Amino acid sequence: MEQVPERKASDSAALSWVLDEADSPFVVRGLVSEWPLVKAGLQSARAARCYLLDRARSAPFTVTIGEPGRGGRLFYDDDFGMNFRTARGKLADIFRGFDDNEARTEAPAIYLSSVDMKLFFDGLVEENVSPVIDRRPLESIWIGTDTCVAAHNDFPRNLACCAVGRRRFTIFPPEQFANLYIGPLENTPAGRAVSMVDFHAPDFDAFPRFAEALKHAQVVELEPGDAVYIPSMWWHHVEGLDPFNVLVNYWWRDTPGFLGQPHDALNHAILALRDLPRSERAFWRELFDHYVFENQPEVAEHIPQKARGILAPLTAETAGRIKAYLLRALSK
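Sequence order as written defines residue numbering, which begins from 1 separately in each chain. The model is predicted, so local features are restricted to residues of pLDDT at least 70 and side-chain atom pairs to those at 80 or more, both for listing and for counting; the totals for chains, interfaces and linings are taken over all residues. For the side-chain quantities, the full set of heavy atoms in the structure was used; hydrogens and water were omitted.

Chemist: Can you explain the overall build of the protein chain? Please cite residues and give values.
Modeler: A run of DSSP states H or I qualifies as a helix once it reaches four residues; a run of E qualifies as a strand once it reaches two. Both are numbered from the N-terminal end. Helix and strand counts for the protein chain come out as ten helices and 14 strands. Considering only C-alpha atoms, the protein chain reaches an extent of 70 × 50 × 40 Å along its principal axes. Here the protein chain holds 332 residues, and 41% of them are scored as buried. Roughly 18,200 Å² of accessible area belongs to the protein chain as shown, and the carbon and sulfur atoms make up 54% of that amount. Charged residues are defined here as Lys and Arg on the positive side and Asp and Glu on the negative side; His and the ends of the chain fall outside this count. By convention, the charge on Lys lies at NZ, on Arg at CZ, on Asp at CG and on Glu at CD. Within the protein chain, the 46 negative side-chain charges are centred at a point lying 5 Å from the centre of the 36 positive side-chain charges. Think of it in three bands: residues with accessible area under 20% of the maximum for their type are buried, residues over 50% are exposed, and the middle band is partly exposed, with areas taken using a 1.4 Å probe on protein chains only. Surface accessibility in these figures is a Shrake-Rupley result with a 1.4 Å probe; residues are shielded only by whichever protein chains are displayed.

And the structure:
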């Protein structure tokens, strides 16, 4: 597989310029190497845990515990339930689980996913300054053993910073979704649909198109302090390569926050359109092209500007009217 291209960015201003120009993934080596968290992790896994524990609030944390013998893969079981369970507890108790299992060969996977740094820690955000703070991102921390998260994608843009341990990212362009054999949309391990392919032992008889996906894949191994940028909707398979790993990621979108989530529209389209007769689906396809995907000036230019409503560029007010209408319609 090709390596994810590397770019240089000496500071957040330089990174911002690179991000504005980027339409594909890239890596910045050493971007956050001066973080106190990174430096603690270079001392030892236990030093990193002590650093985090000193800043953790007393609120209970949600932890995922995977079955031993699964290679850290957090995925479906044979009945399409999950091969892991969740629990809640103080971070000190969870970290004791890391300590107790560190030397075991058949230890369970332990994973704290997408923890809001501002809500669950004091001083962590301030001491480990975001390299994309100008974009007002959601700041999350991921803490775990050598886990493996199936290929998935996210709507926001994503800068993932490797803080402790090493991580491997295998990344695919958005259009490769059909070759990744995406699983159920509503029954997912963590809220996003995932590839059904086991990347460590791909079954090319069951998933023959995955061979084509691999031709378009890019891979990178991140060392502590490195970061990878993943554009919106690019698929990424993530592996923690060391017994203790910490990732900090930043999600942001370039569109206003009052706009809706495209995945919600997909679910609604499945509910309302997918099972219509073919001729009716064809009409709705044309209508979607007209109003949504093409949206040329002639869509509304015959309507006085003051009367265009949601056919005009959306504002917080008109977006709110759409949401209110949908809430009423879906509650019937």
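Past the structure itself, the notes keep going.
Chemist: Hey, could you go over the state of the cysteines for me, with residue numbers and the actual values?
Modeler: The criterion for a disulfide is a pair of cysteine sulfur atoms lying within 2.5 Å. In total, this model carries zero disulfides according to the counting rule given. The thiol of Cys-50 is unpaired, and the distance to the nearest cysteine sulfur, on Cys-162, comes to 19 Å.

Chemist: Tell me about unusual backbone geometry, and please be specific about residues and values.
Modeler: Backbone geometry at Tyr-181 places phi at a positive 55°, although glycine is not the residue there. Structurally, Tyr-181 is set in the loop between strand E10 (167–172) and helix H7 (210–215). Its relative accessible area of 15% is what places Tyr-181 among the buried residues.

Chemist: Explain the pattern of salt bridges to me, using residue names and the numbers behind them.
Modeler: Side chains that differ in sign of charge can pair as their charged atoms come close. Salt bridge criterion: a side-chain nitrogen from Lys or Arg within 4 Å of a carboxyl oxygen from Asp or Glu. Tallied over the entire structure, the rule returns 20 salt bridges. Residue Asp-20 is joined to Arg-135 by a salt bridge in which the shortest nitrogen-to-oxygen separation is 2.9 Å. On the criterion of sequence distance, the pair formed by Asp-20 in helix H1 (residues 12–21) and Arg-135 in the loop between helix H6 (124–127) and strand E7 (138–144) is long-range, its members being 115 residues apart. On the basis of relative accessible area, Asp-20 is assigned to the exposed category, the value being 53%. Residue classification places Arg-135 among the buried positions, given a relative accessible area of 15%. Arg-57 is paired through a salt bridge with Asp-122; the nearest N and O atoms lie 2.7 Å apart.

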